[in-house]
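Okay, here's what each chain looks like letter by letter:
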Amino acid sequence: MKPFDIVIVGGGGAGLYAAMEAMKTNPALNIAVLSKVYPNRSHTSAAQGGANAALGNKAKDDTIEMHIFDTIKGSDYLADQDAVEVLCSEAPKIIRELENIGTPWSRLDDNTIAQRPFGGAGRPRCCYCADKTGHTILQTLYEQCLRKGVLFFNEYFALNLSVNGSRSRGLIAMNMKTGKVEAFPAKTVIFATGGYAKMYWNRSSNAAGNSGDGQAIAFRAGIPMKDMEFVQFHPTGLRKSGLLVTEGARGEGGYLINKDGERFMARYAKEKMELGPRDLVSRSIETEILEGRGFNSPAGKYIHLDLRHLGADLIKSRLPQIREMSLNFEGVDPIEEPIPVRPTAHYSMGGIDTDNFGRTVMDGVYAAGECACVSVHGANRLGGNSLLDILVFGRIVGHTAAEEAGKFSPATISEAELKESVDELRNRMQPSGHYERYGALREELGQTLALNVGIFRESSLLHKGIQDIAELKERFKKVRVFDSSDVFNTNLMQVLELQNMLELAETVAVGALAREESRGSHTRIDFPVRDDEKWHKHTLATLVDGKVLPGEKPVTMGRYELQERTY
Ligand SMILES: Cc1cc2nc3c(=O)[nH]c(=O)nc-3n(C[C@H](O)[C@H](O)[C@H](O)COP(=O)(O)OP(=O)(O)OC[C@H]3O[C@@H](n4cnc5c(N)ncnc54)[C@H](O)[C@@H]3O)c2cc1C
């Protein structure tokens, strides 16, 4: 195949924005986007609530400065302040740019772009398209990419980076339609493969494909992961499935109620109540449940999200998808009954370590979106800041790679290297002797993570989690693929995803054990206080000779000093 200037792995918001911007920067470049699902089915399409920008449409006194401060405070002071400044200053521009290329934002009565309150934000600044924001953004970007002539390789599964010393030669991927392993030689590779929270399996709001493939590929190639211990639990997942009820439901005025009929958030966040940041609201719900004030059911314990007082008109116009999901997955109509909810693993704050331009330590390899850790979210992401992150940093990385591709000479990937990847897959596909089934391992991984590496963490639980993961990795060696077909071998793909999740799960659990403090989403019962002296730093995890080597990196400070975080 002709060498590419840029190969982008991922057709979500980050990947598509990167492709669009790279084309705009230099239309002569040869750019490919690979995606294991059709781009408009990427997890970005599931984002309901919206994207933050201090437009000042709803609250006239909102400012970019306030957005910056809310984000840094929300991150429990672990975000890099220069990166947050970029995120928030670019926000109004990017929302308007999306509007100019066709995103149908919801409107206020004066016809300006509508904004709703979101957790941890001092002003209502979350811009939305009803409760289908991600879907509409993704459609807009996909149309623009097709129009500009971006080459799409849909239903291609990325397997490995091809590496030559300190630089990459491109990517090796499998065509899912034919099973053929193909080389994508490229001057630059951008990872935009989304998050890894699906490792919590059915206690997760994520799409099945959010298995952290890009992070695992980069990790295997020796690129460090940053802050992997920080996994965000969203307060309101549906009780049975973990599917998400957007924060927009509380933004519109929904209440959280325990079995005694109390709006219990008054105990934990007097001022912000249900609109406290996610880490705080999730801990509050879990505490209510642990202390016996939750509801019981065969499908698990839960509390109520009550929207009834908002009225049928508002629910139907602003939260139509939430109503549909509650009806389909819980048999509950929120106009008439409260929705049963419980916190659900939702977002990966950690990811591929990058600078503010999306560069990694490996020449020619970049990352953006949820798979990257820039870091703008630190120890806890604010709702509405991730769509913003993927757009802002998707655009930046697209521009950077387009500018820098010329620095690198065209690469080739040898037949011998391609054959190695093929042989690896073939070995998995020959059942013999004692074997394990991936489905059981995937369930067990989710269970041990939810139980031992979940919202509340503690040394003995984390040791147990690490031990379980090590045993699962050992058992994984015996997992075999029983479908021998070359065409859409979903069995093979799920096994590969499980391998990626297992590799990353170890970094999450090891990082959580090492970090002896409580900060943002990471709560240690045995170290309940934030310890700035010892732990105000990013952690790194690098794979060296098959072992996870821990490292660290300072947090970039700016004008905001460390403060106690109260709401
Ligand atoms: C239910 C839900 C609701 C959310 N709501 C909001 C919200 O309201 N506001 C907000 O700010 N954030 C929200 N988020 C978070 C936000 O949507 C995500 O962080 C963001 O969309 C991630 O975008 P991305 O482009 O990084 O990755 P994704 O959209 O996840 O896309 C990943 C892409 O990578 C591809 N890929 C992955 N692995 C491979 C592989 N091995 N080979 C080839 N391709 C691969 C996939 O096919 C896909 O195209 C929500 C998240 C969820 C789960």
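Everything below is about the structure printed above this text.
Procedures and definitions
- Residues numbered from 1 in each chain as written.
- Predicted model: local features only at pLDDT ≥ 70, side-chain atom pairs only at ≥ 80, totals over all residues.
- Heavy atoms only, no water.
- Buried < 20%, exposed > 50% of the residue type's maximum accessible area, 1.4 Å probe, protein only.
- Helix = DSSP H or I, 4+ residues; strand = E, 2+ residues; numbered from the N terminus.
- Polar contact = N/O pair within 3.5 Å; in protein donor to acceptor, adjacent residues only side chain to side chain.
- Contact = heavy atoms within 4.5 Å.
- Near = heavy atom within 4 Å.
- Areas by Shrake-Rupley, 256 points an atom, 1.4 Å probe, with all protein chains shown as cover.
- Nonpolar A, V, L, I, M, F, W, Y, C, P; charged D, E, K, R; others polar.

Here we look at helix H5 (residues 213-220)
Among the eight residues of H5, seven are classified as buried, and the element is accordingly described as predominantly covered. Within the span of H5, buried status applies to Asp213, Gly214, Gln215, Ala216, Ile217, Ala218 and Phe219. Of the residues one or two after H5, glycine 222 is the one with positive phi, at around 95 degrees.

Considerations on the side chain of asparagine 356
Relative to the helices and strands, asparagine 356 is located in the loop between strand S15 (351-353) and strand S16 (365-367). The class of asparagine 356 is buried, set by a relative accessible area of 19%. Among the polar contacts listed, one links the side chain of asparagine 356 to the side chain of aspartate 82, at a separation of 3.2 Å. For asparagine 356, the contacting residues outside a window of four places in its chain are Asp82, Ala83, Val374, Phe393 and Ile396.

Comments concerning the site of the ligand
As a matter of local geometry, the ligand sits amid 39 residues, with Ser42, His43, Thr44, Glu370 and Ser386 nearest to it. At a separation of 2.8 Å, a nitrogen atom of the ligand approaches a polar side-chain atom of aspartate 213. A distance of 2.7 Å separates an oxygen atom of the ligand from a polar backbone atom of leucine 387. Starting from 1000 Å² of accessible surface for the ligand in isolation, the protein chains cover 98%. Listing elements by their share of the shell around the ligand, those giving two or more residues are helix H1 (13-25), strand S2 (31-35), strand S7 (156-164), strand S14 (339-348) and helix H10 (385-404). A per-element tally of the shell around the ligand places H10 first, with four residues. Grouping the amino acids of the shell around the ligand by side-chain chemistry returns 14 nonpolar, 21 polar and four charged.

Description of the environment of histidine 43
Structurally, the position occupied by histidine 43 is in the loop between S2 and strand S3 (51-52). Put simply, histidine 43 and glycine 195 are 152 residues apart on the chain and 9.1 Å apart in space, counted from C-alpha to C-alpha. The contacts of histidine 43, once residues within four sequence positions are left out, are Ser205, Asn206, Ala207 and Asn210.

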